[in-house]
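Given next are the chains, with one letter for each unit.
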Amino acid sequence: VQLQASGGGLVQAGGSLRLSCKATGFNFSLNTMRWYRQTPGKLRELVASIDSSGTTDYGDSVKDRFAISRDNGRRMVYLQMNSLKPEDTGVYFCNLPSFRDRSYWGQGTLVTVSS
């Protein structure tokens, strides 16, 4: 299993970014995928989740601003982030929560939101 996240960068508050995650090594279309973030001084936080049927779920702090989606043909999961705030700054990780009794993580991509 490999999860390759990309798309992070520096953006001003109120701006947008789209993160991408390329997934290989497992049957992508059958699995739930998630985005987490690690912000300074805090535990890793679940940002968004999308299951195999396309049902989505979001953390309270990002509801109505972020959107998770997937493209099974391209084996990609995306996180569209709008109306970004400085508190959204952190390292964002793509996650396969459960495959063969373990969880897998990508390498993370840094998002910095300036005020």
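Predicted, not measured: the structure shown is a model, and the values here were computed from it. (Residues numbered from 1 in each chain as written. Predicted model: local features only at pLDDT ≥ 70, side-chain atom pairs only at ≥ 80, totals over all residues. Heavy atoms only, no water.)

Of all hydrophobic cores here, the largest spans 29 residues; its most connected members are Leu3, Met33, Trp35, Val77, Leu79, Met81 and Tyr92. Listed by contribution, the elements that provide at least two residues to this core are β1 (2-6), β3 (17-24), β4 (33-38), β5 (45-50), β7 (66-71), β8 (76-81), β9 (90-99) and β11 (109-114). Those residues in contact with Met81, other than ones at most four positions away along the chain, are Gly15, Ser16, Leu17, Leu19, Arg65, Phe66, Tyr92 and Val111. (Core = buried A, V, L, I, M, F, W, Y, C linked by side-chain atoms within 4.5 Å. Buried < 20%, exposed > 50% of the residue type's maximum accessible area, 1.4 Å probe, protein only. Helix = DSSP H or I, 4+ residues; strand = E, 2+ residues; numbered from the N terminus. Contact = heavy atoms within 4.5 Å.)

Attention now moves to the sheet that holds β3. In spatial order, the strands read β1-β3-β8-β7; together these four strands make up an open sheet with antiparallel pairing. Among the strands making up the open sheet, the edge pair consists of β1 and β7. Shown here is a sheet whose adjacent strand axes are inclined to one another by a mean of 15°, direction ignored. With six bridges connecting them, β3 and β8 associate as antiparallel partners. (Pairing = 2+ DSSP bridges. Axes fitted to C-alpha atoms, helices over the stretch in contact; angles between N-to-C directions.)

Our focus in this paragraph is the state of the cysteines. A full pass over the atoms with the stated rule returns one disulfide. Disulfide partner of Cys21: Cys94, at an S-S distance of 2.1 Å. Handedness of the Cys21-Cys94 disulfide follows from its S-S torsion of about -85°: it is left-handed. Residue Cys21 is found in strand β3, and its partner Cys94 is found in strand β9; the two are separated by 73 residues along the sequence. (Disulfide = S-S within 2.5 Å.)

Before going further, it helps to examine the pairing of β1. By the alternation rule, side chains of β1 split into Leu3 and Ala5, which are all buried, and Gln2, Gln4 and Ser6, of which none is buried. As judged from the five bridges shared by β1 and β3, these two strands associate in the antiparallel manner. Bridge pairing in β3 places Leu3 opposite Ala23.

Opposite charge on two side chains lets them pair, provided their charged atoms get close. A full pass over the atoms with the stated rule returns five salt bridges. Of the charged contacts, one joins Arg37 and Glu45 as a salt bridge, the two residues approaching to 2.9 Å between their closest N and O atoms. We note a salt bridge from Asp88 to Arg37, for which the minimum N-O separation is 2.9 Å. On the criterion of sequence distance, the pair formed by Asp88 in the loop between β8 and β9 and Arg37 in strand β4 is long-range, its members being 51 residues apart. Here Asp88 and Arg37 have matching classes, each one buried. Each member of the salt-bridge network shares a partner with another, and the members are Arg37, Glu45, Arg65 and Asp88. (Salt bridge = Lys/Arg side-chain N within 4 Å of Asp/Glu carboxyl O.)

Here β11 shows one buried face, formed by Thr109, Val111 and Val113, and one open face, formed by Leu110, Thr112 and Ser114. Relative to β11, strand β2 (residues 9-12) runs parallel, the two being bridged by four bridges. In the strand pairing of β11, Gln12 is matched with Ser114.

These figures come from the coordinates and say nothing about function on their own.
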